[in-house]
Amino acid sequence: MIKFKLDLHRHMSDLFHFILSKQGKKEYLIKLLNKLFRKGDDLVIGLADFNNDGRFSKFEKTIRELPKDYLINKKGPIISIKKNKKMIYFIRANEISTEKGHILIIGNNEKIKTRKLENILIKAKENKWIVIADHPLHEFTFPYFLISRINEHSAISLKKETIYNNKKNIDVLELNSYFPEDRKEIKKLGKKYKIPVISESDAHFMNEFFNSYFELDNLDLTNITKFKKTFRKALKKHIKLHPRKKGIFVIYKHGVYVVMEIFGKKLGLIK
C-alpha cells in the first residue's frame with residue numbers, strides 16, 4: 001500500500017524568483033526539487049494559480065530547462081518528476097476569489113473566467129473538479145483591510161452559512177497553516193456537515209513546502225480522471241493530518257506579499 005503525502009494548496013513563487021525576476025528560475029527549481037526529494041517519495045503538490053495568473057504555466061516552462069537526470073512526464077494538468085527512483089507529482093490547481101470567498105479547484109486544465117461561486121460550483125460538478133474550501137471561516141484583520149480596498153472580491157473565506165448551502169458541492173474543508181485558531185471550528189463543521197477535512201500549507205515560500213500536509217492511501221495519478229476518482233474514494237477511508245502553524249513573522253510576511261502582488265499587478269509591474 002502506497003501512502004501519498006499531499007499539499008494541494010501551494011503557490012509556486014518566492015516573490016523575487018518566479019514573478020519579478022527572469023533570472024535564477026532554473027537554479028531555484030533545482031534547489032526546490034532537491035529539498036522535496038529529501039522529504040521522501042510519492043509527494044503530491046497542488047501548484048495553484050490565483051485567478052488564472054499563469055503560475056503553473058511558468059512552472060511548466062521552467063521544468064524544460066532541468067538537467068536530463070530529472071525524468072519529466074506530463075499528462076494534462078499532472079506533471080511527474082522522477083530522480084533516483086523517487087517521484088514527485090505536481091497538479092495544476094486554481095485558487096479563485098469569488099464574491100463569497102476563496103475556493104481551490106483541482107482537476108481543471110482551463111481558465112475559470114467566472115467569479116460567481118454558484119457558477120463555479122455548477123461547472124465543477126459537470127467536470128467533476130475537486131472543490132476545496134480554503135481557509136474557511138477565518139475573520140481577517142491586518143492586512144485584510146488593505147486587501148479589501150484594492151481587491152475586486154474582498155471576501156476571502158467562505159462563511160458557515162455559505163458552506164452549509166453548498167455542502168453537497170464542496171469536497172473538503174481546509175485546515176490552513178496560517179490560521180490554527182480556526183481548526184477546532186472547522187473540524188466541528190466538517191463533522192456536522194459530513195465534509196472531510198485536510199491540512200495544507202497555502203505557502204508562497206520555499207522553506208514552507210510541506211509545512212502542513214495530509215496523507216492518503218492508494219491514489220492513482222496515471223491521469224487526472226483517475227486521480228479525482230481515487231482521491232474522493234480515499235477521503236472516505238483514512239485521512240492522516242499533519243497540521244502545523246506558522247509563526248507571527250511568516251503570517252505577516254504572507255500578508256505583505258499578497259498586498260505587494262495585488263499592487264504590482266495593478267501597476268503592471270508583475271505579469
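Residues numbered from 1 in each chain as written. Predicted model: local features only at pLDDT ≥ 70, side-chain atom pairs only at ≥ 80, totals over all residues. Heavy atoms only, no water.

### Considering the overall build of the protein chain
Then step 1. In terms of helices and strands, the protein chain carries nine helices and eleven strands.
Then step 2. Across the 271 residues that make up the protein chain, the buried fraction comes to 56%.
Then step 3. Partitioning the intrachain contacts of the protein chain with sequence separation of at least 6 by distance along the chain shows that 70% fall at a separation of at least 24.
Then step 4. When the accessible surface of the protein chain is split by element, carbon and sulfur atoms take 53% of a total near 13,500 Å². (Helix = DSSP H or I, 4+ residues; strand = E, 2+ residues; numbered from the N terminus. Buried < 20%, exposed > 50% of the residue type's maximum accessible area, 1.4 Å probe, protein only. Contact = heavy atoms within 4.5 Å. Areas by Shrake-Rupley, 256 points an atom, 1.4 Å probe, with all protein chains shown as cover.)

### Side note on unusual backbone geometry
Then step 1. Even without a glycine there, the phi angle at Lys128 is positive, about 60 degrees.
Then step 2. Residue position: Lys128 is located in the loop between helix H4 (117-127) and strand S7 (130-133).
Then step 3. Residue Lys128 is classed as exposed on the basis of its relative accessible area of 58%.
Then step 4. Of note in this structure, Lys194 is not a glycine but carries a positive phi near 60 degrees.
Then step 5. Structurally, the position occupied by Lys194 is in the loop between helix H7 (183-193) and strand S9 (197-200).

### Side note on the confidence of the model for the protein chain
Then step 1. The predicted model of the protein chain averages 85 in pLDDT, with 80% of residues at 70 or higher.
Then step 2. Across the protein chain, the element-wise mean pLDDT spans from 47 in helix H1 (residues 15-19) up to 98 in S7.
Then step 3. Between residues 15-23, whose pLDDT stays under 50, and residues either more than four places distant or in other chains, the model counts 23 contacts. (pLDDT = per-residue confidence, 0-100.)

### Things to note about helix H3 (residues 55-63)
Then step 1. Turning to H3, its buried residues number three or more, namely Arg55, Phe56, Phe59, Glu60, Thr62 and Ile63. Each buried residue of H3 lies within a common arc of 165 degrees when the element is viewed along its axis, so the set occupies one face. (Arc of directions from axis to C-beta.)

### Structural notes on the environment of Leu29
Then step 1. Structurally, the position occupied by Leu29 is in helix H2 (residues 25-39).
Then step 2. Taking relative accessible area as the criterion, Leu29 reaches 0% and is therefore assigned buried.
Then step 3. On a C-alpha basis, the gap between Leu29 and Glu65 in space is 9.6 Å, while along the polypeptide they are 36 residues apart.
Then step 4. Once residues lying within four places of it in the same chain are set aside, the contact partners of Leu29 are Met12, Phe59, Thr62, Ile63 and Leu66.

### Regarding a positive patch on the surface
Then step 1. On the surface, a cluster of positive charge is made up of Lys128, Lys229, Lys233 and Lys237.
Then step 2. Residue placement: Lys237 occurs in the loop between helix H8 (224-235) and strand S11 (240-242).
Then step 3. The exposed category is assigned to Lys237, whose relative accessible area is 64%. (Patch = residues over 30% accessible without salt bridge, like charges linked within 9 Å, V, L, I, M, F, W, Y side chains within 5 Å. Salt bridge = Lys/Arg side-chain N within 4 Å of Asp/Glu carboxyl O. Lys, Arg positive; Asp, Glu negative; His and termini not counted. Charge placed at Lys NZ, Arg CZ, Asp CG, Glu CD.)

### Brief notes about H4
Then step 1. Turning to H4, its buried residues are Leu117, Ile120, Leu121 and Ala124. For H4, the angular spread of the buried residues around the axis is 100 degrees, confining them to a single face.
Then step 2. Those residues of H4 that are buried lie in contact with strand S5 (86-98), strand S6 (101-106), S7 and helix H6 (160-165).
Then step 3. One or two residues past the end of H4 sits Lys128, with phi positive at roughly 60 degrees.

### Looking at the pairing of strand S1 (residues 3-10)
Then step 1. For S1, the tally of buried residues reaches six of eight residues, placing the bulk of the element in the interior.
Then step 2. In terms of strand pairing, S1 meets strand S2 (residues 43-50) through four bridges, oriented parallel. Looking at the pairing, Asp7 lines up with Ile45 of S2. (Pairing = 2+ DSSP bridges.)

### Details of the pattern of salt bridges
Then step 1. Taken as a whole and assessed by the stated rule, the structure comprises nine salt bridges.
Then step 2. Put simply, Asp69 and Lys83 hold a salt bridge, and the shortest N to O gap is 3.7 Å. Of this pair, Asp69 sits in the loop between H3 and strand S3 (71-75) while Lys83 sits in strand S4 (residues 78-83), and the two are 14 residues apart along the sequence.
Then step 3. Glu185 serves as the salt-bridge partner of Lys160, at 3.0 Å between the closest nitrogen and oxygen. Here Lys160 is found in helix H6, whereas its partner Glu185 is found in helix H7, with 25 residues between them in sequence.
Then step 4. Assessed through its relative accessible area of 38%, Lys160 is described here as partly exposed.

### Some thoughts on the side chain of Lys83
Then step 1. Here Lys83 falls in the buried class, since its relative accessible area comes to 18%.
Then step 2. If we ignore the near neighbours within four places in the chain, the residues touching Lys83 are Asn34, Phe37, Asp69 and Tyr70.

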